[in-house]
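Examining the three-dimensional arrangement
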Amino acid sequence: MYAFDYHRPKSLRQAVNLLAKVEDAKLLAGGHTLLPTMKQRLAAPANIIDLNGIAELAGIERKGRAVVIGAMTRHADVAESPIVQEAIPALAELADQIGDPQVRNRGTIGGSIANNDPAADYPAACIALGATIITNKRKVPAEEFFTGLFETALEEGEIITRVSFPLPSKAAYMKFPNPASRYALVGVFVAKRGAEVRVAVTGAGADGVFRVGAMEEALKARFSPKSLEGIKVPSKGLNSDIHADADYRAHLIGVMARRAVANATGKA
Amino acid sequence: MSATGIGAAVRRKEDQRFITGKGQYTDDINRPGQAYAYFLRSPHAHATIKKIDAKAALAMPGVIAVLTGDDLAADKIGGLICGWMIHSKDGSPMKAGPHPALAQGKVRYVGDHVAVVVAESLAQAKDAAEAVKVDYAELKAVVDPAAAQKNGAPQVHDVSSDNTVYQWHLGDKAATDAAFKQAKHVTRLDLVNNRLIPNAIEPRAAIGEYDPGTDAYTLYTTSQNPHVARLVLSAFVGIAPEHKLRVIAPDVGGGFGSKIFIYAEETVCTWAAKKVGRPVKWTAERSESFLADAHGRDHVTRAELALDDRGRILGLRVKTIANLGAYLSTFASSVPTYLYAPLLSGQYDIPAIYCEVDGVYTNTAPVDAYRGAGRPEATFVVERLVEVAAREMGLDPAALRKRNYIKKFPHQTPVIMNYDIGNYHASLDKALELADYQNFAKRKRESARRGRLRGIGFSSYIEACGIAPSQAVGSLGAGVGLWESAEVRVNPTGSVEILTGSHSHGQGHETTFAQLVSDRLGIPIEHVTVIHGDTDKVQFGMGTYGSRSGAVGMAAIAKAIDKVIAKGKKVAAHVLEASEGDIEFKDGKFTVAGTDKALGFGDVALQAYIAHKFSGQDLEPGLKEGAFYDPTNFTFPAGMHICEVEVDPQTGVTTIERWTAVDDFGTVINPMIVEGQVHGGVAQGIGQALLEGARYDENGQLVTASFMDYCMPRAGDLPSFTVGMTTTPCPSNPLGIKGCGEAGAIAAPAAVINAITDAVGHEDVAMPATPQVVWRACQKAAQRMAAE
């Protein structure tokens, strides 16, 4: 690790001011991607702005027909939250499947979303549930937020503060973990809200999280695992690595989607 | 049996310090004035080094020295050695290329040692390493051993134009070919034994120290055999004479073979300590362990089994290409030859066996012994063949095994080994019972109702342990003898120190060895301390590997104890004024036969040291004896492991539902520790079968260079194990011990793959059998069924 200057602001305002003032700064949330990269000397930010001292960024609340989660809320807190468990149990279950206990007690929802790792779990939930990413400057619909591999719509000086998840009528997340890293090899989040159905896939896409239109249409007609039978996801544009090639990933998307729908309809 | 004697499940004495964080590992040791070493490693798999410019690095803060292969050469420091000479079929000696501790003109794998930076702090050493300018001329790399043997392949070492280290063989080719001519059925398999990366919890570490006052060196290091390290560093590398080099291997956190070898890092730290006039410390980061610890396995094999029409095995023919990596590590040459082919007879009476092995250089990390070392590879070949043969011939796999088991002992196999004892039917029968084999079909139907495929797989393994009779291994090319030494030091108050040449790095020697002493001398186990891992304390020793510490290390202790008792009788005779021949020793008491005159062990110890009751002419004072034990044969632990799996055909996910292990380890000293060894070995074997696999890309970059991609087994990947025992005490071992440390890792891979292939109905399941591999096998099975 190279030397850097460390800042620990106490408020969002201080953090935003620091971000505007200091050169070459990185925000530190859970640190699970940033710190290993720095230790390997692959990243060398001049300044680290640690968000862990900002109490206002953490917390979970129910706001009408939505659950709003602070950016610095740990995965374990989402998983164990009675609010989330009651309102969107699929989201609590997703959080409970991230990494291992150490990761879940350190990693944050804001950090995960801002990093947009193509194998992270939260992006699938954000897209499928139609979440809104709230920053210090604006509100961004999830659809517009995840722009590519490790790329987001976040601009200079922008910090995620909260994520708002509208309540679905039915939802489930089915994850096929990479046996080594436990990241999603394929993760499928299925959500039904009113007439709308969304199927979001993480782990598989070469450009990160994506929706499967054909599945959504079929599920709109009838929200049942049977509706997905015979729908094949093309392997073009999917990741291939030593753990899973594109064909296998394409196949797994089908399996995971059917299981997610079965789960969401209580037929698993 | 006493509560702490042989056969008692005594809780481990060493665990108090380990589980309270009081262990003393190499990295816990800090020497006054110590500096830190950081190794600059090759980013290329194959390149010539045109120039190394360290000027800028030397000018950086805290930098003490930057040393390269040129400095080693200038100091006339020799290269690392491979201590087992293998001769090719044509009689020519193996082609061993140079193995300098720091590269001299060429790098041969990613992670190869280019230079060492010594600085006041590790961070400064790392910073400076980035400023060392190395001018490389990249060469094409070769990572696949079969490709390495082809014309025009990149040449790793000048000594071998086709990268072949040796073309070795064992057995009778003509007799084996004749057996195949008679065969009514031949089973053929192409098998890959996947490359593994050891990953002990404690990474390797070293501190070199030089004392100019005594002109002597001390090396603290993570070694399974500190005396062998001292011998190699003295006699071959030439850092210091043996009596001027002390090697200390303190608490060591796991080895699995990877800490047997003498590596570049400890060599350089010891040498550099004198050069810079400071203790020099290095601790591997996990990334370095992945790149530069010796890897294991990596065989490509064509195997054929000849049978008659009733399923009697007539012959076995095996051709293996073994990837030895870029350099020959300390025992690399022996692993795919003498630790492999002599086990190809398995538990079976096979009249004819012929095995050819090519050892090959590639631009990958050196490959050497890893838990089981050659024997897991042999078991995988034999047990896959037998299982597939049974399926092809429509025979019950248990019945086919029974038909071919060796029934009479001793049994001379066609491949060197003379099995002294065993009862393979007994372990099979017990395993079938514990595994509830008779209800397997019912469980399979129940799984099918849930859309799952259930399969069962057997593995009748055998291993040659207790390595080894020195004369025998010497005749096969070993550079050392493989006896063990022990010293029993009785203190005047009757407590005992055991000094052993074995080394404990997780095996629980401090408990097991003390149990033997407590049992034999009739003293409380708390009165016994086991000392190991320091060449200044223990006179000599060959270390711990090859499941040898119980069978060989403890036999040496037993022999020394016998001498202590004999001397004690002499002392007691003087004190009790009786004739020595009338003194009996039992339950910690020396008695005069037929009388009530007696002396406790502690009384005799005191009398031996105060020496008031005998003159120096009659008897030497003191009570301390040493012994060297050289085995007369290998030992042959064997057993049956049965694995039952369930496969999800939609995803290819395999879960292990049941694991039954029935092992015959001969006499067991501590059944709890032995069961732990079985659990650990099986976990490693399941790791190899389902999860672990080192992969290089075509340019020689290690793709699985961290736990993000290299999958170690976790508790959740494993079932609860059912462990049973059968016992035939080893006749050639004074304690009846055979050894247990490697059994699980040897047995498990074949059992897992046999179970998966049974479940999915297709034999094409390579290790590691990841979900993708198993799913494809399911697809192939479905296609074949559709075609039929």
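Residues numbered from 1 in each chain as written. Chains lettered and ligands numbered in written order. Predicted model: local features only at pLDDT ≥ 70, side-chain atom pairs only at ≥ 80, totals over all residues. Heavy atoms only, no water.

Observations regarding the overall build of chain A
- Counting its secondary structure elements, chain A contains eleven helices and 14 strands.
- Taking 268 residues into account, the globule formula puts the C-alpha radius of gyration at 18 Å, and chain A, at 18 Å, falls close to it.
- Considered along the principal axes of its C-alpha atoms, chain A spans approximately 55 × 45 × 30 Å.
- Looking at chain A alone, contacts between residues at least 24 apart form 59% of all its contacts between residues at least 6 apart.
- Charge separation in chain A, taken as the distance between the mean sites of 33 positive and 28 negative side-chain charges, equals 5 Å. (Helix = DSSP H or I, 4+ residues; strand = E, 2+ residues; numbered from the N terminus. Rg over C-alpha atoms; globule rule 2.2 N^0.38 Å. Contact = heavy atoms within 4.5 Å. Lys, Arg positive; Asp, Glu negative; His and termini not counted. Charge placed at Lys NZ, Arg CZ, Asp CG, Glu CD.)

Remarks on the overall build of chain B
- For chain B, the helix and strand inventory stands at 20 helices and 28 strands.
- On C-alpha atoms alone, chain B measures out to a radius of gyration of 28 Å, which is about the 28 Å that the 2.2 N^0.38 rule sets for 788 residues.
- Summarising its shape, the C-alpha atoms of chain B cover approximately 95 × 75 × 50 Å along the three principal directions.
- The buried share of chain B, taken over its 788 residues, is 62%.
- Counting only contacts in chain B whose residues sit at least 6 apart along the sequence, the fraction spanning at least 24 positions is 79%.
- When the accessible surface of chain B is split by element, carbon and sulfur atoms take 51% of a total near 28200 Å².
- One finds the centroid of the 79 positive side-chain charges in chain B at a distance of 3 Å from the centroid of its 88 negative side-chain charges. (Buried < 20%, exposed > 50% of the residue type's maximum accessible area, 1.4 Å probe, protein only. Areas by Shrake-Rupley, 256 points an atom, 1.4 Å probe, with all protein chains shown as cover.)

Quick look at the UniProt feature "domain: Aldehyde oxidase/xanthine dehydrogenase a/b hammerhead" (unreviewed entry) in chain B
- When the UniProt feature table is mapped to this numbering, "domain: Aldehyde oxidase/xanthine dehydrogenase a/b hammerhead" (unreviewed entry) covers residues 20-140 of chain B.
- Overall, residues 20-140 of chain B shows 17% helix and 29% strand. The separation of its end C-alpha atoms is 50 Å. (UniProt positions renumbered as here; feature names shortened; annotations may be inferred.)

Some points on the packing of aromatic side chains
All names here are of chain B.
- If you walk through the whole model with that rule in mind, you get 22 aromatic pairs over all chains.
- An angle of 70 degrees between the planes, with centres 6.1 Å apart, marks the rings of Y109 and Y327 as edge-to-face. You can see Y109 sitting in the loop between β4 (106-107) and β5 (113-119) and its partner Y327 sitting in the loop between β14 (313-325) and β15 (352-361), a full 218 residues away along the chain. No difference in accessibility class separates Y109 from Y327, as the two residues are buried.
- Aromatic ring contacts, followed pair by pair, group Y348, Y405, F409 and Y424 into a single cluster.
- Note that R317 overlies the ring of F180, its terminal NZ or CZ placed 4.0 Å from the centroid. (Phe/Tyr/Trp six-rings, centres within 6.5 Å; stacked < 30°, edge-to-face > 60°. Lys NZ or Arg CZ within 6 Å of the ring centre and 35° of its normal.)

A few points about helix α11 (residues 246-264) of chain A
All names here are of chain A.
- With 19 residues, α11 should cover 27 Å at 1.5 Å per step; its first-to-last C-alpha distance of 26 Å lies within 8% of that length.
- With respect to burial, α11 is a largely interior element, 14 of its 19 residues being buried.
- Just beyond α11, the residue with positive phi is G266, at close to 70 degrees. (Expected span 1.5 Å × (residues − 1).)

Description of the domain arrangement of chain A
Residues and elements named next belong to chain A.
- When its domains are assigned, chain A resolves into domain 1 (5-53) and domain 2 (58-264).
- The straight-line distance from the C-alpha centre of domain 1 to that of domain 2 is 26 Å.
- Contacts between domain 1 and domain 2 engage eleven residues on the former and 15 residues on the latter.
- Each partner contributes to the roughly 1000 Å² buried at the junction of domain 1 and domain 2, and carbon and sulfur atoms together form 69% of this total. (Domains from an automatic or database assignment. Buried area = accessible area lost by both parts, 1.4 Å probe.)

Quick notes on the side chain of N194 of chain B
Residues and elements named next belong to chain B.
- As for its placement among the helices and strands, N194 is situated in the loop between β8 (185-193) and β9 (205-211).
- The exposure class of N194 is buried, given its relative accessible area of 6%.
- Of note is the side chain of N194, whose polar atom sits 2.9 Å from the side chain of Q688.
- Among the polar contacts made by the side chain of N194, one reaches the main-chain carbonyl oxygen of E692 at a distance of 2.8 Å.
- When residues no more than four places from it in sequence are discounted, the contact partners of N194 are G296, R297, D298, Q688, E692, G693, M767 and P768. (Polar contact = N/O pair within 3.5 Å; in protein donor to acceptor, adjacent residues only side chain to side chain.)

Some points on the environment of R454 of chain B
Residue and element names in this part refer to chain B.
- As for its position among the elements, R454 is in strand β18 (residues 453-462).
- Among the residues examined, R454 registers a relative accessible area of 7% and is labelled buried.
- As for R454 and G744, which are separated by 290 residues in sequence, their C-alpha atoms are 22 Å apart.
- Looking at R454, its side chain comes within polar contact range of the side chain of E644, at 2.5 Å.

Describing the sheet that holds strand β7 (residues 164-171) of chain B
Residues and elements named next belong to chain B.
- A sheet is described by the order of its strands in space; here five strands give the open sequence β7-β15-β14-β13-β8, paired in mixed fashion. Two strands in the sheet have a free side with no partner beyond their single neighbour: β7 and β8. Strand after strand, the sheet turns through a mean of 10 degrees between neighbouring axes, direction not considered. (Pairing = 2+ DSSP bridges. Axes fitted to C-alpha atoms, helices over the stretch in contact; angles between N-to-C directions.)

A few points about the domain arrangement of chain B
Residues and elements named next belong to chain B.
- For chain B, the assigned domains read domain 1 (31-139 + 201-254 + 259-292), domain 2 (299-467 + 633-787) and domain 3 (483-629).
- Taking only C-alpha atoms into account, the centre of domain 2 sits 40 Å from that of domain 3.
- Contacts between the two partners involve 20 residues from domain 2 and, on the opposite side, 18 residues from domain 3.
- A buried area of about 1300 Å², summed over both sides, lies between domain 2 and domain 3, and 60% of it is on carbon and sulfur atoms.
- The largest share of the area that domain 2 buries against domain 3 comes from I467, I669 and L735, three residues that together contribute 39% of it.
- Inspection of the domain 2/domain 3 interface yields zero salt bridges. (Salt bridge = Lys/Arg side-chain N within 4 Å of Asp/Glu carboxyl O.)

Considering the environment of G736 of chain B
Residues and elements named next belong to chain B.
- With respect to the helices and strands, the residue G736 is situated in the loop between β28 (721-725) and α19 (743-760).
- It is 41 Å that separates the C-alpha atoms of G736 and D764, two residues lying 28 residues apart in sequence.
- Leave out the neighbours within four places in its chain, and G736 touches F665, G666, T667, P729 and C730.

Details of the interface of chain B and chain A
- With 24 residues of chain B in contact, the opposing surface of chain A contributes 21 residues.
- The junction of chain B with chain A conceals about 1800 Å² of combined surface from both sides, 49% of it contributed by carbon and sulfur atoms.
- Of all residues in chain B, Q650, M708 and Q772 of chain B give up the largest surface area on contact with chain A, accounting jointly for 27% of the area buried on that side.
- Across the chain B-chain A interface, the total number found is five salt bridges.
- Residue D648 of chain B pairs with R259 of chain A through a salt bridge whose shortest N-O separation is 2.7 Å.
- Linking chain B to chain A there are 13 residue pairs in polar contact (both at pLDDT 80 or more).
- At the level of secondary structure, the elements contributing two or more residues to the side of chain B that touches chain A comprise α4 (122-131) and α20 (771-787) of chain B.
- The residue makeup of the side of chain B that touches chain A, split by class, is ten nonpolar, four polar and ten charged. (Nonpolar A, V, L, I, M, F, W, Y, C, P; charged D, E, K, R; others polar.)

Overview of the sheet that holds strand β11 (residues 170-177) of chain A
Residue and element names in this part refer to chain A.
- If you walk across this open sheet you meet the four strands as β11-β12-β13-β14, and the pairing is antiparallel. A strand with exactly one partner marks an edge of an open sheet, and here the two such strands are β11 and β14 (210-211).
- Bridge analysis of strand β13 (residues 196-202) against β14 gives two bridges, and the strand direction is antiparallel. Looking at β14, one finds that A200 is bridged to R211.
- Relative to β11, helix α5 (residues 89-96) is tilted by about 15 degrees, and along the sheet it contacts β11 and β12 (184-193).
- Its contacts with the sheet place α11 against β11, β12, β13 and β14, and it is angled at close to 145 degrees to β11.

Examining the UniProt feature "domain: FAD-binding PCMH-type" (unreviewed entry) in chain A
- Feature annotation in UniProt places "domain: FAD-binding PCMH-type" (unreviewed entry) on residues 1-170 of chain A, given in this structure's numbering.
- Span residues 1-170 of chain A is 35% helix and 24% strand, its end C-alpha atoms 46 Å apart.

A word on the pattern of salt bridges
- Tallied over the full model, the rule gives 62 salt bridges over all chains.
- The residue E143 of chain A makes a salt bridge to R198 of chain A at a minimum N-O spacing of 3.8 Å. Of this pair, E143 of chain A sits in helix α9 (residues 142-145) while R198 of chain A sits in strand β13, and the two are 55 residues apart along the sequence.
- R198 of chain A sits in the buried class, given a relative accessible area of 13%.
- Here E387 of chain B and R401 of chain B are joined by a salt bridge, their closest N and O atoms 2.8 Å apart. Here E387 of chain B is found in helix α10 (residues 375-393), whereas its partner R401 of chain B is found in helix α11 (residues 397-404), with 14 residues between them in sequence. The pair formed by E387 of chain B and R401 of chain B is uniform in burial state, with each residue classed as buried.
- Where salt bridges share partners, they join D436, R443, E446, R450, R454, E644 and E646 of chain B into one cluster.

Points about the layout of surface pockets
- Here the second largest pocket is characterised by a volume of approximately 640 Å³.
- Where the lining of the second largest pocket is concerned, the elements lending two or more residues are β8, α18 (671-691) and α20 of chain B. (1 Å grid on protein atoms, 1.4 Å probe; cavity = no way out; pocket = protein on both sides within 12 Å on 5 of 7 lines; lining within 4 Å. Points joined across faces, edges and corners; volume = space filled by probe spheres on them.)

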